[in-house]
Amino acid sequence: MTKKKMMDIIVERIKNCKACPLHENRTNVVPGEGNLDSPIMFVGEGPGEDEDLSGRPFVGRAGQLLTKILESVNIKREDVYITNIVKCRPPNNRTPTKEEASICSHFLFAQIEVINPRMIVTLGKPALELFLGKSVAITKVRGNEFEWRGGIIIFPMFHPSYLLRNPSKAKGSPKDLTWQDIKRVRKYYDQFLKERENG
C-alpha cells in the first residue's frame, strides 16, 4: 500500500472520530498536510479557529509566521509534513488537556509510522511533553535534542504563537533563538536528504 493510501485511511478515521468531547464543536478536522516523504515533521498542539474553518494546519497568524520561519532557511511548507497532537480545535483555542492529547495521539503516531521521519520538530510545550512523557519547561529545553522511538530525533522549538507575543529580535530573545534553531533544522534536513541520496 502506498504512503498516500495509508494516510488517506488515517484521515478517514480522524474524520469519524468521536473519542473525546473536542469533536462536538469542530467545523473540520485538521489531520495535517505536506510531504509524506519528508525526513522532518513539525508537530504543534492543536488547530485554532482558522484551521478549524479551513481543515488545514497552521494557516492563522501563527501558521503564517511558521511559513516565514521555514522560508527564512529556504524550506517550503510543502517540503515538510505539518500536523498537531490533537486534530480538532479545543474551545477558545485553549491548550489541549493531557487526556485529549492522550486520546488523540494514536493518530499522530500512525502518521509518524507512515512518514517515518528522521526528526520531529515539536512546536511548544504540549507537543514536546507528549513525546517525552513528562513535564518540561520549553524555555530550558528548546534547541536540545532528544532521542525517541526508532532513533527519531525530537527537536523542540518555541511555538510561533509564543513568538507573536514576544516580538523582540534582540540577541537571546525567543525570535533570535528560533532563528538559531531553524538554521540547525535546515542543516539536518540537508544531511538527511544527502544520506537518502547516497542510500
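Let me begin by describing the structure that accompanies this report. (Residues numbered from 1 in each chain as written. Predicted model: local features only at pLDDT ≥ 70, side-chain atom pairs only at ≥ 80, totals over all residues. Heavy atoms only, no water.)

With respect to the packing of helix H1 (residues 3-15) against helix H4 (residues 98-115)
Then step 1. Here H1 crosses H4 at 175°, and the two axes come no closer than 10 Å. Regarding the angle of H1 to H4, the classification is roughly antiparallel. Contacts from Lys3, Met6, Met7, Ile10, Arg13 and Ile14 of H1 reach H4 at Phe107, Ala110, Gln111, Val114 and Ile115. (Axes fitted to C-alpha atoms, helices over the stretch in contact; angles between N-to-C directions. Helix = DSSP H or I, 4+ residues; strand = E, 2+ residues; numbered from the N terminus. Parallel < 35°, antiparallel > 145°, perpendicular 65-115°, else oblique. Contact = heavy atoms within 4.5 Å.)

Quick notes on the sheet that holds strand S3 (residues 81-84)
Then step 1. As summarised here, the arrangement of the six strands in space is S1-S3-S2-S4-S6-S5, forming an open sheet in which the pairing is mixed. Looking at the sheet topology across the chains shown, the edges are occupied by strand S1 (33-34) and strand S5 (146-147).
Then step 2. Where S5 lies against strand S6 (residues 153-157), two bridges are found, and the strand directions are antiparallel. Opposite Phe146, over in S6, you have Ile154 as the bridge partner. (Pairing = 2+ DSSP bridges.)

Description of H1
Then step 1. Under the 1.5 Å per step criterion, the end-to-end length of H1 is 18 Å for 13 residues, consistent within 8% with the ideal 18 Å.
Then step 2. Those residues of H1 lying buried are Met7, Ile10, Val11 and Ile14. The buried residues of H1 all sit within an arc of 100° when viewed along its axis, so they share a single face. What points out from H1, more than 90 degrees from its buried face, is the exposed set Lys5 and Arg13. (Expected span 1.5 Å × (residues − 1). Buried < 20%, exposed > 50% of the residue type's maximum accessible area, 1.4 Å probe, protein only. Arc of directions from axis to C-beta.)

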